[in-house]
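Here is how the chains run, residue by residue.
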Amino acid sequence: MNNKIIIVGGVAAGASTAARLRRLDETAEIIMLERGEDISFASCGLPYYVGGVIPKRQSLLVQTPQAMSKRFNIDIRTLSSVQRIIPEEKKIEVKNLVTGDIYSESYDYLVLCPGGTPVIPEITGINKTNVFTVRNIPDSDTIRQYIEQEEVQSALIVGGGFIGLEMAEMLQERDIEVNLVEAGPQVLAALDPEMAAMIHNYLKDEDINLIRNDKPVAFEGEQNVEQVILASGTKISVDLVIIGIGVRPEAWLAKEAGLNMGSTGGILVDEYLQTSDPSIYAAGDAIQIKDFQTGADTLVPLAGPANRQGWIVANNITGRRIKYSGSQGTGIVKVMGMTAAFTGKNEKQLLKLGWDYRACHVHPASHATYYPGAKQMTIKLLFTPEEGKMLGAQIVGYEGVDKRIDILAAAIRTGLTVFDLQEMELAYAPPYSSAKDPVNMVAYAAANIVNKDVEVVYWSEVADRVAKGAFLIDVRTPMETKQGMVDGAHNIPVDDIRDRIDEIPQDREILLYCLVGLRSYIANRILRQRGFNTKNISGGYKLYSAIKNQ
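Along each chain, residues carry numbers from 1 onward, in the same order as the chain's sequence is written. For this predicted model, a pLDDT threshold of at least 70 governs which residues receive local features, and a threshold of 80 or more governs which side-chain atom pairs are given and counted, while totals over whole chains, interfaces and linings are taken from all residues. With hydrogens and water excluded, all non-hydrogen atoms of the structure serve as input to the side-chain values.

> Just to check I follow, could you spell out the nonpolar core for this structure?
Here is a general trend for soluble globular proteins: nonpolar side chains tend to be buried in one another's company. L171, L191, I199, L203, L240 and I242 are the most contacted members of the largest nonpolar core, which has 57 residues in total. Tallying contributions element by element places helix α6 (residues 193–205) first for this core, with 7 residues. Non-local contacts of I199, meaning those with residues more than four positions away in its chain, are made with V187, L191, V335, M338, A340 and V396. If you look at the next biggest cluster of nonpolar residues, it comprises 50 residues, including V8, A19, I289 and I317. As used in this record, nonpolar core signifies buried Ala, Val, Leu, Ile, Met, Phe, Trp, Tyr and Cys residues forming a set joined through side-chain atoms within 4.5 Å. Think of it in three bands: residues with accessible area under 20% of the maximum for their type are buried, residues over 50% are exposed, and the middle band is partly exposed, with areas taken using a 1.4 Å probe on protein chains only. To qualify as a helix, a DSSP run of H or I must reach at least 4 residues; to qualify as a strand, a run of E must reach at least 2; elements of each kind are numbered from the N terminus. In this description, contact between two residues means that some pair of their heavy atoms is separated by no more than 4.5 Å.

> How should the side chain of N440 be read in this particular structure?
With respect to the element layout, N440 can be found in helix α12 (residues 438–450). Take N440: its relative accessible area is 6%, and that puts it in the buried class. Excluding residues that lie within four positions of it along the chain, N440 makes contacts with L421, Q422, M424 and L426.

> Would you mind showing me how to read the pattern of salt bridges here?
Two side chains that carry opposite charge are able to pair once their charged atoms sit near each other. Criterion for a salt bridge: a side-chain nitrogen of Lys or Arg within 4 Å of a carboxyl oxygen of Asp or Glu. Within the structure shown, the criterion is met by 28 salt bridges. Across the salt bridge formed by D38 and R57, the nearest N and O atoms sit 3.7 Å from each other. Taken together, the residues D38 in the loop between β2 (29–33) and α2 (46–50) and R57 in the loop between α2 and α3 (65–72) connect sequence positions 19 residues apart. Among the residues examined, D38 registers a relative accessible area of 10% and is labelled buried. The residue K323 makes a salt bridge to E271 at a minimum N-O spacing of 3.7 Å. Taken together, the residues span a long stretch of sequence, with K323 in the loop between α8 (303–317) and β22 (331–335) and E271 in the loop between β18 (267–268) and β19 (280–282) at a distance of 52 residues.

> Help me out: how do you make sense of the packing of α6 against helix α16 (residues 540–549) in this one?
The description of two helices packed together rests on the angle between their axes and the distance between the axes. The interhelical angle for the contact between α6 and α16, taken along N-to-C directions, is 65°, at an axis separation of 8 Å. Of the two possible hands of crossing, α6 and α16 adopt the one that is left-handed. On α16, the residues touching E194, A197, M198, N201 and K204 of α6 are L543, S545, A546, I547 and N549. Charged residues are taken to be Asp, Glu, Lys and Arg, nonpolar residues to be Ala, Val, Leu, Ile, Met, Phe, Trp, Tyr, Cys and Pro, and polar residues to be all remaining types, Gly included. The residue inventory of the contact of α6 with α16, partitioned by class, reads 5 nonpolar, 3 polar and 2 charged. Lines fitted to the C-alpha atoms define the axes, with helices restricted to the stretch that makes contact. Angles between their N-to-C directions range from 0 to 180 degrees. By convention the crossing between two helices is left-handed if the near helix lies anticlockwise of the far one by an angle smaller than a right angle, and right-handed if it lies clockwise.

> Is there a simple way to think about unusual backbone geometry in this case?
Peptide bonds are trans in most cases, and residues, glycine excluded, mostly fall at negative phi. Look at L273: it is not a glycine, yet its phi comes out positive at around 65°. Inspection of the secondary structure puts L273 in the loop between β18 and β19. Phi at M336 is positive, roughly 60°, even though this residue is not glycine.

> How should the pairing of strand β10 (residues 154–158) be read in this particular structure?
Every regular strand shows the same layout, with side chains that alternate between the two sheet faces. In terms of burial, β10 is largely enclosed, as 5 of its 5 residues are buried. Side chains of β10 alternate between two faces, with S154, L156 and V158 and A155 and I157 buried alike. Only when DSSP finds a minimum of two bridges between them are two strands counted as paired. Taken together, the 5 bridges between β10 and strand β11 (residues 177–182) define a ladder with parallel strand orientation. Of the residues in β11, the one forming a bridge with S154 is E177. When β10 meets strand β16 (residues 240–243), the two strands line up parallel, connected through 4 bridges.

> Just checking my understanding: could you explain the sheet that holds strand β5 (residues 91–96) for this structure?
The strands making up a sheet associate through backbone hydrogen bonding, with each pair oriented either parallel or antiparallel. If you trace the 3 strands from one edge of the open sheet to the other, you get β4-β5-β6, paired in antiparallel fashion. Lying at the two open borders of the sheet, with one neighbouring strand each, are β4 (80–86) and β6 (102–106). Averaged over neighbouring strand pairs, the angle between their axes works out to 30° when direction is ignored. Two strands pair when backbone bridges link them, and β5 and β6 are joined in this way by 5 bridges, in the antiparallel orientation. Bridge pairing links K95 to I102 in β6.

> Sorry, what's going on with the pairing of β16 here?
Every second residue of β16 is oriented toward a common face, with L240 and I242 on one face and V241 and I243 on the other, all of them buried. Alignment of strand β9 (residues 131–133) against β16, held across 3 bridges, turns out to be parallel. The residue bridging T133 from the neighbouring strand is I243, located in β16.

> So what exactly am I meant to see when it comes to helix α5 (residues 162–173) here?
Spacing of three or four residues puts side chains on the same side of an α-helix, whose turn is 3.6 residues. Given the number of residues in a helix, its expected span is that number minus one, multiplied by 1.5 Å. An ideal rise of 1.5 Å per residue puts 16 Å on 12 residues; α5 measures up with 17 Å between its terminal C-alpha atoms. Among the residues of α5, G164, L165, E166, M167, A168, E169, M170 and L171 are the ones counted as buried. Looking one or two residues beyond α5, the residue adopting positive phi is D175, at roughly 60°.

Given below as structure tokens:
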């Protein structure tokens, strides 16, 4: 007897499940139910469609119902909303959103891929007509049409995550004044504060009005929002509001059916992505998964994991038992001309976990500096102090960020150490990299710490250490220091340090910095071998400036 499989949701996880099922079982009856009018659309491309970078709506459609149905012999029903699951009868109730009719459908296996739903904060006036979320293509159509018809001049975006930052760029592309309000101290919570500081400064330079540690409490106006009142009392006149706080699992259908729910609010699944009912699987943004590094329960609403989960579900239904090993949360976002990326654990998470770790920062160029167009990036690497096992990485830069974060993500997934990264042989030609790739460079910096060739401190510690008697040295040239210097620092250029060694006290802790950390490392090696108690300040003056100026 052929299996009848019903898939609820037709975007990333749902479409992946359906296509893989058919490739594995030509005889199965597969029905895919999608509440919207589109399936398998590129939800990550929605902001770019609003901004006109992707001009054609059709470009967002990875597959159409007609094309996918024909190629894979799948019964695809759009504008079909599942109202109820009856597990004991292995049935669902479906509402046809066009006719209003409700009918039942039986299943042998049910796959729940309903995705996530936008988080909508409780704000007075949030239901006004010019307040939008960005979840699907119709949402984007509506925003785009509103901008074009209403001659929008000023917008407010709530939330400094992926959607918020992408929408900020796209609205500015349309010559709209952008106000970006983030309730927390920084944008992109996956980054550590000093890395986010570089994004803050860049947004300011690009004329985005970034407001941190504040949030809207009221949207004022008659039918439309005309003025936003923030908790601080600030008032902002706007023509458009975008809510981009994030998503939560759309798990109500599973909950009402009596399926077990996770502590995070997602649908509880086992390592095979099976729910508490053995005939029901679930995948995508609606499920609670395991953190790859800690095994802790988590939510990771990203397209990559959702697609893989759908693929795994199809394998398991057809008897090819495959476990889902969890997600390490690798992500990347374009912030106008800048790129930010991350993988694994950040420092905030490691502190919360109580794990012992070390961090280092380097500022390499995207490719050989003698070849035109090289751009500087900042890499932060987190690793264990004894073995140098990689725990997490973050990169902020302009070019080549994607290549490096993918290498680092693969290294974390396979359990490599910083010493393995030193040995990694990566493609080199002057237009693309340097003979010592940025990945190798950060590995060498980290290995120096593990090998105790250098000790590092971080800018968050420096003021306190100086107050307790540490001697601070800026090893840049006098010309460079005219651009700015840390208060209390003594300027002794690295090339003069041997000749001026009598100026350095032997009985105090010595903290050194240069622009990016290389020259101060050299100075550290000179002084440590002469008996001085030296520390290198990770990230150098470049990182200090980013933190100070944000």
